[in-house]
Amino acid sequence: MLQTLSTLDDVQSMYDWFEQMRETQPVWRDEKSGCWHVFRYDDVRTVSTEYSTFSSERRRPGGFARTTEGSTNGQVRMGRSLLTMDPPEHRQYRNLVSYAFTPRAIDRLRGRVADITQHLLDEAGGSGKMDFATEIAYPLPTIVIAELLGVPTSDRPLFKRWADVLLSRQLSDAEFFRPQNEQRDHPEMQRISHTFEEMSDYFRQRLEERKCTPGEDMMSDLLKASIDGEHLSMEDTISFCIILLLAGHVTTTNLLSQAIRCFDKHPHALEQVRRQPEMMPQAIEEVLRYASPVWRLVRTTKEAATIAGVTIPKNEMVFAWLASANRDERQFPEPEHFDVTRTPNRHVAFGHGIHFCIGAPLSRMEAAVALPIILTRLAHLRVAYEESPELFEGRALFGFKRLPITFEKEG
Ligand code: HEM
């Protein structure tokens, strides 16, 4: 049944539950929260893609990145974010940053990603064991996105504290999606609100500095950007930076750790990519499918919609389970099998449709550059299950807070 991910056993229980739901109740209403859940591959794609019916705008409380009138009512003042916009506005905002994720722009970062990986391994690799999550998987994408945005990479501990608060969620859906006035006094909601205020203040300051001394970075570009001849508001610019910072590091952190766990669990696959390094991009796609870093998307119905014969009324919140879609036997033969040679592999780990992850080329490149270096330098790499790896607790993401590994020391 629906539960928070705390342990790897919970993850397996959720995958078992998905399988059962795909078979018996592919569109299900959770009576406790009033939210709807969709599990099959085709249905998940429909919910992700059909924006005129399944809106990304948040109509119910619980969506963080929405416009509010200020923090006086206990809510954080937030600008708009790509993730919570519908067309036509969505396209205009997306165009403002898409230049940073073109193949050529991403290609230029390859050397830098390799250098950062080598440097992190130099720092961490002395003793034959390390926490892969905090020493490699977390800092690597964080440094990359911080450099792209133009914020100091030395502020990493701050970003980590924010990510830990925002991405670990103990509240159930029923508690989290309660009407605004009921939820705002909850200690966890207050912690989240406070974190958003801190992030907003941080970016406000950095952006003010950039106004005086522009640089070659995304913050400077966003300050110059305009839509229909008008500059973005400060709130929208801050919101953009927050979403890029958060989405840009936590998800790729999860991908890198999941890759290590998958290779550890499937030594034959590891052997295959060690022998044929050119297979790594394909192996990364299989990690994305098999151990999807983002578990679910959320939408709100703008009108009643019928999926798999079930009608979801207007103004309802719908969760599309990417993790379930990626294990749907209707789409993937032997979905429980981790197969680095799987073709085709049309997984939905990056979503689908107009909101398809803008950072997908960046995280694919980061993983494709970093993993071969890591596997070469850390021989006989093994996940140290006896040291109890820790997951990010929550429902939307699947990743490791701590992933202890052992390996053979170099030289
Ligand atoms: C393995 C890594 C990643 C995964 C699994 C992932 C997953 C996703 C998914 C599932 C969506 C769709 C959300 C929706 O439809 O509501 C999305 C959107 C987005 N992602 Fe990623 N992401 C990853 C890496 C990144 C990186 C590195 C960045 C930025 C540098 C990034 C920035 C974004 C942004 C800005 C959006 C919103 C796009 C839009 O609404 O048009 N992501 N991501």
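In this report, we go over the structure that sits alongside the text. Everything numeric here is computed off the predicted structure, so don't read it as measured data. (Residues numbered from 1 in each chain as written. Predicted model: local features only at pLDDT ≥ 70, side-chain atom pairs only at ≥ 80, totals over all residues.)

**Section: the overall build of the protein chain**
So, point 1. Scanning the protein chain from terminus to terminus reveals 17 helices and 14 strands.
So, point 2. Dimensions of the protein chain, computed from C-alpha atoms along their principal axes, come out at roughly 60 × 60 × 40 Å.
So, point 3. Considering the protein chain as a whole, with its 411 residues, one finds that 40% of them fall into the buried category.
So, point 4. In the protein chain, the share of contacts with a sequence separation of at least 24, taken over all contacts with a separation of at least 6, comes to 74%. (Helix = DSSP H or I, 4+ residues; strand = E, 2+ residues; numbered from the N terminus. Buried ≥ 20, exposed ≤ 12 C-beta atoms within 10 Å, placed from the backbone. Contact = placed C-beta atoms within 7 Å.)

**Here's the deal with the environment of Ser 154**
So, point 1. Within the secondary structure, Ser 154 is located in the loop between α7 (139-149) and α8 (156-167).
So, point 2. The class for Ser 154 is exposed, based on 9 C-beta atoms found within 10 Å.
So, point 3. Sequence-wise, Ser 154 and Ile 143 are eleven residues apart; in three dimensions their C-alpha atoms are separated by 8.7 Å.

**Overview of the site of the ligand**
So, point 1. For the ligand, the set of nearby residues contains 25 residues, the closest of which are Gly 248, Gly 351, His 355, Cys 357 and Gly 359.
So, point 2. Among the secondary structure elements, those contributing two or more residues to the shell around the ligand are α13 (234-265) and α17 (360-377).
So, point 3. For the shell around the ligand, the class distribution of residues is 15 nonpolar, nine polar and one charged. (Near = placed C-beta within 6 Å. Nonpolar A, V, L, I, M, F, W, Y, C, P; charged D, E, K, R; others polar.)

**As for the sheet that holds strand β11 (residues 379-383)**
So, point 1. An order of β4-β14-β11 is seen for the three strands of this open sheet, with the pairing classed as antiparallel. Two strands in the sheet have a free side with no partner beyond their single neighbour: β4 (129-131) and β11. Adjacent strand axes in the sheet meet at a mean angle of 25°, parallel and antiparallel pairs treated alike.
So, point 2. Direction of pairing for β11 relative to strand β14 (residues 404-408): antiparallel, over a ladder of three bridges. Across the sheet, residue Arg 382 finds its bridge partner in β14, namely Thr 406. (Pairing = 2+ DSSP bridges. Axes fitted to C-alpha atoms, helices over the stretch in contact; angles between N-to-C directions.)

**As for the environment of His 347**
So, point 1. Within the secondary structure, His 347 sits in the loop between α16 (322-325) and α17.
So, point 2. Here the alpha-carbon distance between His 347 and Ser 81, two residues 266 residues apart in the chain, equals 25 Å.
So, point 3. For His 347, the contacting residues outside a window of four places in its chain are Glu 285, Leu 288, Arg 289 and Asn 326.

**Considering the packing of helix α5 (residues 110-124) against α7**
So, point 1. At a closest axis distance of 10 Å, the pairing of α5 and α7 adopts a crossing angle of 140°. Considering their axes alone, α5 and α7 lie oblique with respect to each other. As α5 packs across α7, the resulting crossing turns out to be right-handed. Residues Val 113, Ile 116, Thr 117 and Leu 120 of α5 lie in contact with α7, whose contacting residues are Pro 139, Leu 140, Ile 143 and Val 144.
So, point 2. Here the contact of α5 with α7 is composed, by residue class, of seven nonpolar, one polar and no charged. (Parallel < 35°, antiparallel > 145°, perpendicular 65-115°, else oblique. Left-handed = near helix turned anticlockwise from the far one by under 90°.)

**Considerations on the environment of Arg 377**
So, point 1. Inspection of the secondary structure puts Arg 377 in helix α17.
So, point 2. Judged by local crowding, Arg 377 falls into the partly exposed class, with 16 C-beta atoms found within 10 Å.
So, point 3. It is 24 Å that separates the C-alpha atoms of Arg 377 and Glu 390, two residues lying 13 residues apart in sequence.
So, point 4. If we skip the residues at most four places from it in the chain, Arg 377 touches Leu 121, Gly 125 and Glu 410.

**Observations concerning α5**
So, point 1. Helix length check: α5, at 15 residues, gives a terminal C-alpha distance of 21 Å against a target of 21 Å (1.5 Å per residue), a fit within 8%.
So, point 2. Considered for burial, the residues of α5 that qualify are Val 113, Ile 116, Thr 117 and Leu 120. Buried residues along α5 cover an arc of 100° about the axis, so they all sit on one side. Set apart from the buried face of α5 by more than 90 degrees, the exposed residues are Gly 111, Asp 115 and Asp 122.
So, point 3. Residues of α5 that are buried in the fold lie against α6 (132-137), α7 and α17. (Expected span 1.5 Å × (residues − 1). Arc of directions from axis to C-beta.)

**Concerning the pairing of strand β7 (residues 296-301)**
So, point 1. Burial analysis of β7 places five of its six residues in the buried class, the great majority of the element.
So, point 2. With two bridges joining them, strand β3 (residues 54-55) and β7 adopt antiparallel strand pairing. Considered in β7, the bridge of Ser 55 is made with Thr 300.
So, point 3. Summarising the sheet, β7 and strand β10 (residues 317-321) pair through five bridges and their orientation is antiparallel. Its bridge partner being in β10, Arg 296 is matched across the sheet by Trp 321.

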